[in-house]
Amino acid sequence: RVPQVQPRAEELSELYRELSQHPGLSTACLGPDLTTQYGGKYCSLYTEWSQRDLARAENIKFCRQYLIFHDGASIVYSGPAGTCSEIKGELLSRESPSGTLKAVLRKVPGKEKEKEKQFLEVWDQNRKVKSIDLTALDKHGGVYDDDQFGCLAWSHSETHLLYVAEKKRPKAESFFQSKAPELGTSDEDTGHPKKEDAPIKVGSPHPGSDGGWLCGCGADQAVPQGEQFVYHDDWGETLSTRSVPVLCVLDIEGNSISVLEGIPEHLSPGQAFWSPEDTGVVFVGWWHEPFRLGLRHCTNRRSALFYVDLTGGRCELLSEDTRAVWSPRLSPDGCRIIYLENNVLGPHQQCSRLRMYDWYTKHTSTVLDTVPRQAWGAFPGIYCGALPGMCWAADSRRILLDTAQRSQQDVFVVDTATGTTTSLTADAPQGSWSVLTIDRDLLVARFSTPSCPPMLKVAVLPTAGHEAQTQWICLQDAPPVPGISWSIRTLQPPPEQEHPQYGGLDFDAILMRPSEGPTAQKPPLVVMPHGGPHSVFTAGWMLYPAALCRVGFAVLLVNYRGSLGFGQDSVASLPGNVGTQDVRDVQLCVERVLQEETLDASRVALVGGSHGGFLACHLIGQFPDTYRACVVRNPVVNIASMVAATDIPDWCLTETGLPYKPDTLPDPAQWTEMLQKSPIRYVDQVHAPVLLMLGEDDRRVPPKQGLEYYRALKARGMPTRLLWYPGNNHALAGVEAEADGFMNMALWLLKHLQC
């Protein structure tokens, strides 16, 4: 055995500090074209980045600007303009269509005992021209800044702003609330609404508005009694403060805010934008009856595209109402709306359809359908959480999107008229590509690999038919992290493990290994299956795997059958087979890699979160002789006990292979089936020491799942340790929890693998 040197905690923390400083690139916005005195064109590029600040224990945001000189066909010169600066308090921001104004939603700490406030600001090129205290106006609750419902949309005329907020909830009183003596019978004393505050319906004039088409906010209501402790349903994991969203409009000139009426009560609206000619609002509406299911990472919730006519007050259905739709994007010419569509229920993420609605003919067409099997050289299908905010080419015919293609992520251009697709990254370096924005055919993207943090790339989109000639230019480089090599390998299950309906499926794994240091010749192996289960590891920058590799571990990231990017058949093969098919795929991958690579087969460990934790707990129970240690983050350990506590009860039945109906309870045989597919079933066979990390606020896989496993291990005398993170949800993404989690994980692995 190659002699090992165990890093001290101080060395580990210094390594983590170094790698966690690499920033992530989140947003890009192109300014309007300007002309130099010599006739050349240039524009500014505004970018936003995020970075972990360990000293402040928070994620900080900062911005950096660049200049791009181009001739319309190619980029002549590009480079940074000045240094970066931190962004404080910004929740949302959006440039106006002309690029001359910018809207910002900002949070401001309250003074002394006041609660935090939200301001909506409008900036021109030189100054702030509007600052409206939304909290003081009290027209609605908090503004949504999430990417599920939230929006900040300029009207085409640049006179109004559209956003989503929580519906104002009347303040409730106790039955025993002390009341001041009544001194008169004015409106103010009785609590009755004043005449000028009466509700204004869609289409009726709003005081101070310019066109009379904005709708009112509704009158203040009498304070109800006995409503203090009424339960209000919410949208689950990361959306626990989202219950009843409403569409709101700021009239910039009139300084008035209105809440849009006319939305059907059974819908929760979001992802809204202005229709052509500003005649109304287009939005996605999610059904929330009989109760709300978790929405984060769930692209299978019943929803549809709607249009509210602000002049007539009618709400019109634009898409089918039996599907799940999201990410609508209006073409630059205002003629077409592109959006993504899935089936309702079933796997939470799957291969999606690309649909298009023609605004003037009212015709809906399918641009791209689901892809049953991925084939190299062909379009793999659409597997993405959302389309880029700006995805249309200048011709209003082509759109840009990024999608998983097996174990990497690539950028494609789609001709919406013909359905043809072309990869813009086929000849570019292998890794993970993401579209940030496209404007006037200037394309901005993010690129990373497992050994290289995110970098900023720009290109000019060639004319139709010549897209394969796209030339990418690096605008912001990120030096590769030394000491990490990586490769992608493909595996085929043996005949006895083939799916009876979906035979011939293969899967991938990304192997990262140290290329220098004392363990480089024969490193111990850390196996990491992803969560979901319908998600995917793409060959991009990931902090934990990179840091583990630098510590001296080889890391195996397994994209078992059921992962995204391999075709819809692969997704469909897993429900009903969790705990067997996915477990066997991971074990096959581990055994094959140990045979073919110079790795230390006596020192193999598992690390996994969510469904990855489910698989890790299965593997240490089903194959106890393979694994020496295990670390799990918010793992699913007992599907039967999870179904009544999670925000996604449908997941528990769907992945078990059972039908889900909100008004039907599982029968005894179904409860048994859920238990039989759970890793708790194999707890008696576990020999590996287990470290558990649980988020106190996890709504997806409630922490009682991990506690159940912890107590089962303790009762059997197995070495185990539990870390409990207050204020953290399913992702355990708080800066402090993430850093502490890495340190404890690394020290646990080093200790129990005897490195």
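Under the annotation held in an unreviewed UniProt entry, the chain carries the name Acylamino-acid-releasing enzyme and is attributed to Origma solitaria. What the UniProt record of the chain gives under Catalytic activity (unreviewed entry) is the line "Cleavage of an N-acetyl or N-formyl amino acid from the N-terminus of a polypeptide." Quoted straight from UniProt, the Subcellular location (unreviewed entry) entry for the chain says "Cytoplasm".

Trainee: Looking at this structure, I do not really get the UniProt feature "domain: Peptidase S9 prolyl oligopeptidase catalytic" (unreviewed entry) in the chain. What am I missing?
Mentor: Per the UniProt record, "domain: Peptidase S9 prolyl oligopeptidase catalytic" (unreviewed entry) is annotated on residues 547-754. Between the C-alpha atoms that bound residues 547-754 there is a distance of 18 Å. The span itself is 43% helix and 14% strand.

Trainee: Just to check I follow, could you spell out the sheet that holds strand β7 (residues 90-95) for this structure?
Mentor: What holds strands together in a sheet is hydrogen bonding between their backbones, with the strands either parallel or antiparallel. Ordered in space as β7-β8-β9-β10, the four strands form an open sheet in which the pairing is antiparallel. The sheet is open, and its two borders are formed by β7 and β10 (128-133), each paired with just one other strand. Each strand of the sheet is rotated relative to its neighbour by a mean of 15°, with strand direction disregarded.

Trainee: Looking at this structure, how should I read the UniProt feature "domain: Acylamino-acid-releasing enzyme N-terminal" (unreviewed entry) in the chain?
Mentor: When the UniProt feature table is mapped to this numbering, "domain: Acylamino-acid-releasing enzyme N-terminal" (unreviewed entry) covers residues 12-192 and 231-475. Spanning residues 231-475, this segment combines 0% helix with 45% strand, and its end C-alpha atoms are found 51 Å apart.

Trainee: Looking at this structure, I do not really get the confidence of the model for the chain. What am I missing?
Mentor: Interpretation of this model should avoid reading the predicted coordinates in detail wherever pLDDT is low. Across the chain, pLDDT averages 93, with 93% of residues at or above 70. Taken together, the stretch residues 185-213 has pLDDT below 50 and engages in 52 contacts with residues farther than four places along the chain or on a different chain.

Trainee: Where do I start with the environment of L317 in this structure?
Mentor: Here L317 lies in strand β18 (residues 315-317). C-alpha separation for the pair L317 and W376, spaced 59 residues apart in sequence, amounts to 38 Å.

Trainee: How should unusual backbone geometry be read in this particular structure?
Mentor: Glycine aside, a negative phi is what most residues show, and trans is what most peptide bonds show. For the peptide bond that leads from E289 to P290, omega is 5°, which places it in the cis range. As for its placement among the helices and strands, P290 is situated in the loop between β16 (280-287) and β17 (303-309). Here the amide bond leading from G532 into P533 is cis, since omega sits at 0°, within 30 degrees of zero. Phi is positive for E158, close to 60°, though the residue is something other than glycine. Considering the arrangement of structural elements, one finds E158 in the loop between β11 (152-154) and β12 (160-166).

Trainee: Got a minute to help me understand the pairing of β7 in this structure?
Mentor: Across a regular strand the side chains alternate sides, sitting on one face of the sheet and then on the other. For β7 and strand β8 (residues 102-108), the ladder comprises five bridges, and the chain directions are antiparallel. What sits directly across from L92, in β8, is L105. Hairpin connection from β7 to β8: six residues lie between these consecutive antiparallel strands, with G99 at a positive phi of about 80°.

Trainee: For this particular structure, what's the right way to read the sheet that holds strand β14 (residues 256-259)?
Mentor: The strand order across the open sheet built from four strands is β11-β12-β13-β14, with neighbouring strands paired in antiparallel fashion. The open sheet has two free edges, formed respectively by β11 and β14, since each of these has just one partner strand. The average angle at which neighbouring strand axes cross in this sheet is 25°, direction not considered. Relative to β12, β11 runs antiparallel, the two being bridged by three bridges. Across the sheet, residue W154 finds its bridge partner in β12, namely L161.

Trainee: I keep staring at the packing of helix α1 (residues 9-20) against helix α4 (residues 543-551) and nothing clicks. Help me out?
Mentor: The relative placement of two packed helices comes down to the angle between their axes together with the axis-to-axis distance. Direction vectors running N to C along α1 and α4 enclose 135°, while the axes themselves pass 10 Å from each other. Classed by the angle they form, the pair α1 and α4 counts as oblique. The crossing of α1 and α4 is right-handed. Across the interface between the two elements, L12, L15, Y16, E18, L19 and S20 from α1 touch L543, Y544, A546, A547, R550 and V551 from α4. A breakdown of the residues in the contact of α1 with α4 according to their chemical character gives nine nonpolar, one polar and two charged.

The rules we used
- Residues numbered from 1 in each chain as written.
- Predicted model: local features only at pLDDT ≥ 70, side-chain atom pairs only at ≥ 80, totals over all residues.
- Heavy atoms only, no water.
- UniProt positions renumbered as here; feature names shortened; annotations may be inferred.
- Helix = DSSP H or I, 4+ residues; strand = E, 2+ residues; numbered from the N terminus.
- Pairing = 2+ DSSP bridges.
- Axes fitted to C-alpha atoms, helices over the stretch in contact; angles between N-to-C directions.
- pLDDT = per-residue confidence, 0-100.
- Contact = heavy atoms within 4.5 Å.
- Parallel < 35°, antiparallel > 145°, perpendicular 65-115°, else oblique.
- Left-handed = near helix turned anticlockwise from the far one by under 90°.
- Nonpolar A, V, L, I, M, F, W, Y, C, P; charged D, E, K, R; others polar.

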